[in-house]
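# Structural overview
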Amino acid sequence: MELRGQTAIVTGAGRNIGRAIALALADAGAQVAVNVRTSRHEGQAVVDDIVARGGDALLVLADVTQRAQVDAMIAAIAQRFGRLDIVVNNAAIRLEAPFDELRYADWQAAHAVCVDGAFHCTQSALPHLRGSDAGSVINIGGMTAHTGAAKRAHVVSAKAALGGLTRALAHELAGSAITVNCVSPGPIDTVRSPTSASTQPTHAHHPALLGRRGHADEVARAVVWLAGPGARFVTGQTLHVNGGAYLGG
């Protein structure tokens, strides 16, 4: 229960890695704000799971690309829990398209959710993080930000920008004892919506050395460690969770 007494928000927490992170943070003792944009039923299911396991959680609906909605969300969290210590920027979209067919609107959407969303959520939460003695920001990147991938120029560049934001904020927020890190998942077994890209072709040229795809809870445990007391001297880093896939099979 290393996070007992702390409060976390996880964006895009209705399914897959976001859901696993919310559950893992709650299991570690944190109060968790579960953010979804519109999928209320998925988000409420995560909250219900946390409560059933003896934890405390709050469902917060907000589009992370909209600053007014983000500010209202952060205010609701502070009102309910009285504090905010951990921000996990997980929200993302994963459409695929050849570059010559990529619509500018899809390019903008990928950056709006991944990069602008992290900007809005982190900046809005900053007064609360500065009031914490264990403030941490954890951005969820992706292996393709480092390896590249065909048909994903918009997603790859957005995830790569998160790495740059991580390092920049590590410099800027160190004086407030806030750590800023990035977790970069590789091939992970997840359920995709019909409009989302499959990760199987994306990682086909980078099979995991360990001979399997990872599980969402393995990514979640990395997030819990970075948010916990054992990682207070770790900042500005990218932690790869990919079974060695980044090295090539």
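Up top is the structure.
Here the structure is a predicted model, which means the values were calculated and not measured.

Within the protein chain, the regular secondary structure consists of eight helices and seven strands. Its C-alpha atoms give the protein chain a radius of gyration of 17 Å, near enough to 18 Å, the size a compact globule of 249 residues would have. If you line up the protein chain on its principal axes, its C-alpha atoms span 45 × 40 × 35 Å. Counting all 249 residues of the protein chain, 51% fall into the buried class. The contacts of the protein chain with a sequence gap of at least 6 include a subset with a gap of at least 24, amounting to 77%. In the form shown here, the protein chain has an accessible surface area of approximately 11,000 Å², with 54% of it arising from carbon and sulfur atoms. Here the protein chain carries 21 positive and 19 negative side-chain charges, and the mean point of each set is 1 Å from the other.

Let us look at the sheet that holds strand S1 (residues 7-10). Within a beta sheet, neighbouring strands are joined by backbone hydrogen bonds and run either parallel or antiparallel to one another. An order of S3-S2-S1-S4-S5-S6-S7 is seen for the seven strands of this open sheet, with the pairing classed as parallel. Each end of this open sheet is capped by a strand with a single partner; those strands are strand S3 (57-61) and strand S7 (238-241). Geometrically, the sheet is characterised by an average inter-axis angle of 20° between neighbouring strands, direction not taken into account. The pairing of strand S2 (residues 31-36) with S3 spans five bridges and is classified as parallel. Bridge pairing in S3 places Ala33 opposite Leu58.

The next subject is the pairing of strand S4 (residues 86-89). Side chains of S4 alternate between two faces, with Ile86 and Val88 and Val87 and Asn89 buried alike. Two elements, S1 and S4, share three bridges in a ladder whose sense is parallel. If you follow Val10 over to S4, its bridge partner there is Val88. The sheet contact formed by S4 and strand S5 (residues 136-140) spans four bridges and is parallel. Paired with Val88 across the strands is Ile138, a residue of S5. Assessed by its sense of winding, the connection that carries the chain from S4 through helix H4 (residues 104-130) to S5 is right-handed.

Attention now moves to the environment of Leu95. Its location among the elements puts Leu95 in the loop between S4 and H4. Distance from Leu95 to Lys151, taken between C-alpha atoms, is 8.7 Å for residues 56 residues apart in sequence.

Moving on, we come to the side chain of Asn242. Position of Asn242 relative to the elements: it lies in the segment after S7. Among the polar contacts made by the side chain of Asn242, one reaches the main-chain amide nitrogen of Gly244 at a distance of 2.9 Å. When near neighbours in sequence (up to four residues on either side) are disregarded, Asn242 contacts Met143, Gly186, Pro187 and Ala208.

Attention now goes to the pairing of S2. In terms of burial, S2 is a largely internal element, five of the six residues being buried. Strand direction decides the pairing type here: S1 and S2, joined by four bridges, are parallel. Bridge pairing in S2 links Ala8 to Val32. Handedness of the crossover joining S1 and S2 through helix H1 (residues 16-27) is recorded here as right-handed. Handedness of the crossover joining S2 and S3 through helix H2 (residues 40-52): right-handed.

The subject of this paragraph is helix H8 (residues 216-227). In an α-helix, one turn spans 3.6 residues, which is why side chains three or four residues apart end up on the same side. The terminal C-alpha atoms of H8 lie 17 Å apart, and with twelve residues this matches the ideal 16 Å at 1.5 Å per residue to within 8%. If you check which residues of H8 are buried, you get Ala216, Val219, Ala220, Ala222, Val223, Val224, Leu226 and Ala227.

The next point concerns the side chain of Asn35. When you line up the elements, Asn35 lands in strand S2. Among the polar contacts listed, one links the side chain of Asn35 to the backbone nitrogen of Gly12, at a separation of 3.2 Å. If sequence neighbours within four positions are ignored, Asn35 has contacts with Val10, Thr11, Gly12, Ala13, Gly14, Val60, Leu61, Ala62, Val64 and Met73.

About the criteria used
Residues numbered from 1 in each chain as written. Predicted model: local features only at pLDDT ≥ 70, side-chain atom pairs only at ≥ 80, totals over all residues. Heavy atoms only, no water. Helix = DSSP H or I, 4+ residues; strand = E, 2+ residues; numbered from the N terminus. Rg over C-alpha atoms; globule rule 2.2 N^0.38 Å. Buried < 20%, exposed > 50% of the residue type's maximum accessible area, 1.4 Å probe, protein only. Contact = heavy atoms within 4.5 Å. Areas by Shrake-Rupley, 256 points an atom, 1.4 Å probe, with all protein chains shown as cover. Lys, Arg positive; Asp, Glu negative; His and termini not counted. Charge placed at Lys NZ, Arg CZ, Asp CG, Glu CD. Pairing = 2+ DSSP bridges. Axes fitted to C-alpha atoms, helices over the stretch in contact; angles between N-to-C directions. Right-handed = clockwise from strand over helix to strand, strands pointing away. Polar contact = N/O pair within 3.5 Å; in protein donor to acceptor, adjacent residues only side chain to side chain. Expected span 1.5 Å × (residues − 1).

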